[in-house]
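# Architecture at a glance
Here is how the chains run, residue by residue.
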Amino acid sequence: MPTYKARLDSKLPHAGTSIFAVMSKLAHENGAINLSQGYPDFPTSPRLIELVHDAMKKGYNQYAPMPGIFSLREAIAEKIERLYGTRYDPDTEITITAGATQAIFTAIAAVIQKNDEVILFAPAYDSYAPSIEANGGIPVEIEMDLPAFTIDWQKVKKSISERTRMIIINTPHNPTGSVLTDQDMKQLVELTANSNIMILSDEVYEHMIYDGKRHNSVARYPDLADRSFLVASFGKTFHNTGWKMGYCAGPRELMDEFRKIHQFNVFSVNHPMQKAIATYLKDPENYEYLPGFFEAKRNLFLEALEGSRFSFLPSTGTYFQLLGYGKISEEGDMEIASRMTREHKVASIPVSAFYQNKTDNRILRFCFAKSEETLLRGAEILRTL
Ligand code: GLN
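Predicted model only: the values in this text are computed from it and were never measured.

## Describing the sheet that holds strand 9 (residues 320–324)
Strands sit in the order 9-12-11 across an open sheet of 3 strands; the sheet is antiparallel. Looking at which strands have only one partner, the edges of the open sheet turn out to be strand 9 and strand 11 (349–350). Here strand 11 runs beside strand 12 (residues 363–367); their pairing, made up of 2 bridges, is antiparallel. Bridge pairing in strand 12 links Ile349 to Arg365.

This is the structure:
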């Protein structure tokens, strides 16, 4: 075994292994039902697989153009305009990425300089803070208010300083399932007007929104679209998280900088997948069913939990449901999540993992992007606790 002997200063001294990797591994080792990491346990569309296969057979097996194939960027521009009203130029304002994770890292790397402050809302998706820190920025975390995980815009106003360069929003929100309202977006417009603050808007769950609510993309608000990187993920929309396909849209000035990093980070992403998704995305039927489809799964899971000792507010977006276990145990959330996986064979995600200071509200996150059978078996166990 080689051993490194010279001095090594970690760029991320506090980062451990991602909680998703930890919990999925534990679930696997214990033969537990895995409601932890967010991915479907049902297949992606056979038609989409056929389209990838066709593209491979037709010879699309070499590098795709650096920003992505034009037909896919065009299909994305049309979809965003039809749904949210802003027209992005497919030539200069959209780039195809290796999932949303790469888009988020690239956007941050492109514009964040040493000691720039970036505001994020906790609980926050686990890649934001390390992406900021690895690029020399300073994460400024604002805790959302329980029980519904709402943002107190007065707190945001107070946290803005001379050095604030970016605000990261995520709607629908992982891990809480909350969504930003029109009022929230207007507050953001007001707070950022005439400032140098950019927005990174993580909208990977744009089609997973329930109870008749509307997705408030930054692309609905011209004053926000003008200063935002909009990030999305095909892995979430088309049930194929393993393909690692996504994109970033933004005004040309931001996208020019984004592509400077993108070209030396990945250069370009999967060519046959891009071909397939370009065709598949043109048919709105391939994603319009998603709110109903996932709302039914949420409802099934919650109905199956009736009579349990967990407490909950129904999730209004994403494919995650939070459950409070305060009436069941005094343990910390890391401890109970681990014990439930080992002893009761159901894996979840402890929400404290999404706070930099590990705030523990005794809440666990459960993924309901699962087959009916998996959800019912999981809920049956949870009812016994
Ligand atoms: N976004 C997924 C989740 O929240 C996991 C992604 C990952 O494992 N990095 O569970």
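## Side note on the sheet that holds strand 2 (residues 94–97)
Ordered in space as 2-8-7-6-5-3-4, the 7 strands form an open sheet in which the pairing is mixed. Of all strands in the sheet, those with a lone pairing partner are strand 2 and strand 4 (138–143), marking the two edges. The average undirected angle you get between the axes of adjacent strands in this sheet is 20 degrees. Bridging between strand 7 (residues 228–233) and strand 8 (residues 246–249) involves 4 bridges; their strand directions are antiparallel. Looking at the pairing, Ser233 lines up with Gly246 of strand 8. Taken strand by strand, helix 7 (residues 182–192) contacts strand 5 (164–170) and strand 6 (198–202), and its axis lies near 175 degrees from that of strand 5.

## Considerations on the environment of Lys282
Its location among the elements puts Lys282 in the loop between helix 11 (271–280) and helix 12 (285–288). Remark: the alpha-carbon pair of Lys282 and Glu74, spanning 208 residues in sequence, is separated by 9.6 Å.

## Re the packing of helix 13 (residues 290–304) against helix 15 (residues 372–383)
The N-to-C vectors of helix 13 and helix 15 enclose an angle of 25 degrees; their axes lie 8 Å apart at closest approach. It follows that helix 13 is roughly parallel to helix 15 by the angle criterion. Like other packed secondary-structure pairs, helix 13 and helix 15 cross with a definite hand, here right-handed. In this structure, helix 13 uses Lys297, Leu300, Phe301 and Ala304 to contact helix 15, whose residues at the interface are Glu372, Leu375, Leu376, Ala379, Leu382 and Arg383. Here the residues of the contact of helix 13 with helix 15 are counted per class, giving 7 nonpolar, no polar and 3 charged.

## Comments concerning the nonpolar core
Counting residues in each nonpolar core, the largest one holds 118 residues, and the members touching the most others are Phe121, Phe229 and Leu382. Top element by residues in this core is helix 4 (residues 99–111). It accounts for 7 residues. Filtering out sequence-adjacent residues up to four positions away, Phe229 remains in contact with Ala107, Val111, Met166, Met198, Ile199, Leu200, Ser201, Cys248, Ala249, Leu254 and Phe258.

## Brief notes about helix 4
Since the α-helix advances by 3.6 residues per turn, residues separated by three or four positions end up pointing in the same direction. For helix 4, spanning 13 residues, the distance from its first C-alpha to its last is 19 Å, which sits close to the expected 18 Å at 1.5 Å a residue. Of all 13 residues in helix 4, 11 are buried; the element is thus mostly enclosed. What helix 4 keeps buried is the set Gly99, Ala100, Gln102, Ala103, Ile104, Thr106, Ala107, Ile108, Ala109, Ala110 and Val111.

## Observations regarding the site of the ligand
Taken together, Phe20, Gln37, Gly38, Tyr125, Asn174, Tyr205, Lys236, Phe320 and Arg365 make up the full set of residues adjacent to the ligand. One nitrogen or oxygen atom from the side chain of Arg365 is found 2.7 Å from an oxygen atom belonging to the ligand. For the ligand, the protein covers 79% of the area, taking 300 Å² as the surface of the free molecule. For the shell around the ligand, the residue count by class is 4 nonpolar, 3 polar and 2 charged.

The rules behind the values
Note that residues are indexed from 1 along each chain, following the sequence as it is written. Restriction of local features to residues with pLDDT of at least 70 applies here, the model being predicted, together with a cutoff of 80 or more for giving and counting side-chain atom pairs; totals for whole chains, interfaces and linings are based on all residues. With hydrogens and water set aside, each side-chain value is computed from the structure's full complement of heavy atoms. By the convention used here, strands pair only if DSSP detects at least 2 bridges between them. Secondary structure elements follow DSSP: runs of H or I no shorter than four residues count as helices, runs of E no shorter than two count as strands, and numbering proceeds from the N terminus. Only C-alpha atoms enter the line fits that serve as axes; for helices the fit covers just the stretch in contact. Angles between N-to-C directions range over 0 to 180 degrees. Contact criterion: two residues are considered in contact whenever any of their non-hydrogen atoms come within 4.5 Å of each other. Angle categories: roughly parallel below 35 degrees, roughly antiparallel above 145, roughly perpendicular from 65 to 115, and oblique for all the rest. The handedness criterion is simple: a crossing whose near helix is rotated anticlockwise from the far helix by less than a right angle is left-handed, and one whose near helix is rotated clockwise is right-handed. When residues are sorted by character, Ala, Val, Leu, Ile, Met, Phe, Trp, Tyr, Cys and Pro go into the nonpolar class, Asp, Glu, Lys and Arg into the charged class, and all the rest, Gly among them, into the polar class. Put simply, buried Ala, Val, Leu, Ile, Met, Phe, Trp, Tyr and Cys residues joined by side-chain atoms within 4.5 Å make one nonpolar core. Only protein chains enter the accessibility calculation, which uses a 1.4 Å probe; a residue whose area is less than 20% of its type maximum is buried, one above 50% is exposed, and one in between is partly exposed. An expected span of 1.5 Å times one less than the residue number is assigned to each helix. Any residue with a heavy atom positioned within 4 Å of a molecule or strand is treated as near that molecule or strand. Each polar contact in these results corresponds to two N or O atoms within 3.5 Å; when the atoms are within protein, one needs to be able to donate a hydrogen and the other to accept it, and residues that are neighboring in sequence are counted only if both atoms are side-chain atoms. Residue-level accessible areas treat just the shown protein chains as cover; the underlying method is Shrake-Rupley with a 1.4 Å probe.

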